[in-house]
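As a plain string of letters, each chain reads:
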Amino acid sequence: MIRFRARRLVEKLLSVKFVIFVIATALRCFGVIGCGEWLTIALVVIAGREALKWKGSRFEVLGNEESLGSD
């Protein structure tokens, strides 16, 4: 159980969006990018995650309706 959770955590940490967010935060801490650029990157990462969640839940609902109608 713990091994499975640890593996999922590593997979999430290695996602492209998370890595982009961490790099942007590091660049912000060192003063390479400004607050506006960091905020834009953060909003894109958050919006991307939410869009994937919404898209996944939408297809699950559509799939369930189609299977009920075809029976």
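Predicted model only: the values in this text are computed from it and were never measured.

1. Re the overall build of the protein
Item 1. Broken down by element type, the protein carries three helices and zero strands.
Item 2. Along the protein, from the amino end to the carboxyl end, the secondary structure elements read α-α-α.
Item 3. Surface summary for the protein: the accessible area is close to 6,200 Å², and the carbon and sulfur share equals 69%.

2. Section: the confidence of the model for the protein
Item 1. A residue-level look at the protein finds 79% of positions with pLDDT of 70 or above and a mean pLDDT of 78.
Item 2. Mean pLDDT values over the elements of the protein span from 74, in helix α3 (residues 35-70), up to 87, in helix α2 (residues 16-29).

3. Quick look at the packing of aromatic side chains
Item 1. Overall, the coordinates contain one aromatic pair when judged by the stated rule.
Item 2. Ring geometry for Phe21 versus Trp38: centroids 5.8 Å apart, planes at 50°, classification tilted. Pair noted here: Phe21 is in helix α2 and Trp38 is in helix α3, with a separation of 17 residues, a long-range link.

Quick notes on the rules
Residues numbered from 1 in each chain as written. Predicted model: local features only at pLDDT ≥ 70, side-chain atom pairs only at ≥ 80, totals over all residues. Heavy atoms only, no water. Helix = DSSP H or I, 4+ residues; strand = E, 2+ residues; numbered from the N terminus. Areas by Shrake-Rupley, 256 points an atom, 1.4 Å probe, with all protein chains shown as cover. pLDDT = per-residue confidence, 0-100. Phe/Tyr/Trp six-rings, centres within 6.5 Å; stacked < 30°, edge-to-face > 60°.

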